[in-house]
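Residue-level structure breakdown
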Amino acid sequence: MIEELYKYLEQFMIQSNWLDENVPDQARALFTTLCFVGGIDADTSKCDNTLLHLYNVSAMDDIDITYEDFENFMMQLIV
């Protein structure tokens, strides 16, 4: 189940436009669920690697979103 959720989140990030109204909140909700269900704790290499991969595959730097801003937003409900 965890792998399926991760793949869904990855595809969601690739196919969605971060600048659309609900996309950031939806992505954060999926990521939060992935972390809670998958036992991914904040401030771990698994969490960092997951976020970095999602940032890269969704080309956030193309829309001037820094990794730090992305990470802070995505982690808000976990820490």
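Below, the structure is looked at part by part. (Residues numbered from 1 in each chain as written. Predicted model: local features only at pLDDT ≥ 70, side-chain atom pairs only at ≥ 80, totals over all residues. Heavy atoms only, no water.)

Now for the pattern of salt bridges. Within this structure, the stated rule accounts for 2 salt bridges. Across the salt bridge formed by lysine 7 and glutamate 10, the nearest N and O atoms sit 3.7 Å from each other. Within this pair, lysine 7 and its partner glutamate 10 are both found in helix H1 (residues 2-15), separated by 3 residues, close to a single helical turn. Since its relative accessible area comes to 43%, lysine 7 is described here as partly exposed. (Salt bridge = Lys/Arg side-chain N within 4 Å of Asp/Glu carboxyl O. Helix = DSSP H or I, 4+ residues; strand = E, 2+ residues; numbered from the N terminus. Buried < 20%, exposed > 50% of the residue type's maximum accessible area, 1.4 Å probe, protein only.)

Looking now at the packing of helix H2 (residues 23-38) against helix H4 (residues 67-75). Interhelical geometry of H2 versus H4 gives an angle of 65 degrees and a closest axis separation of 9 Å. Crossing handedness for the pair H2 and H4: right-handed. For the pair formed by H2 and H4, the contact residues are Pro24, Asp25, Ala27, Arg28, Phe31 and Thr32 on the first element and Phe73, Met74 and Met75 on the second. Class assignment for the residues of the contact of H2 with H4 results in 6 nonpolar, 1 polar and 2 charged. (Axes fitted to C-alpha atoms, helices over the stretch in contact; angles between N-to-C directions. Left-handed = near helix turned anticlockwise from the far one by under 90°. Contact = heavy atoms within 4.5 Å. Nonpolar A, V, L, I, M, F, W, Y, C, P; charged D, E, K, R; others polar.)

Further remarks concern the packing of aromatic side chains. Applying the stated criterion to the full structure yields 4 aromatic pairs. With 5.6 Å between their ring centres and 50 degrees between their planes, tyrosine 55 and phenylalanine 70 make a pair best called tilted. Of the two residues, tyrosine 55 sits in helix H3 (residues 45-57) while phenylalanine 70 sits in helix H4, which places them 15 residues apart along the sequence. Classification of phenylalanine 70 by relative accessible area gives buried; the value is 1%. Connected via pairs of aromatic rings, a cluster forms that spans Trp18, Tyr55, Tyr67, Phe70 and Phe73. (Phe/Tyr/Trp six-rings, centres within 6.5 Å; stacked < 30°, edge-to-face > 60°.)

Bringing H2 into the picture now. Each α-helix turn comprises 3.6 residues. Residues three or four places apart therefore point the same way. Across its 16 residues, H2 extends 22 Å between first and last C-alpha, which sits within 8% of the 22 Å expected from 1.5 Å per residue. Among the residues of H2, Val23, Pro24, Ala27, Arg28, Leu30, Phe31, Thr32, Leu34 and Cys35 are the ones counted as buried. Taken together, the buried residues of H2 touch H1, H3 and H4. Just downstream of H2 lies glycine 39, where phi reads positive at about 65 degrees. (Expected span 1.5 Å × (residues − 1).)

Keep in mind these values describe shape, not function.
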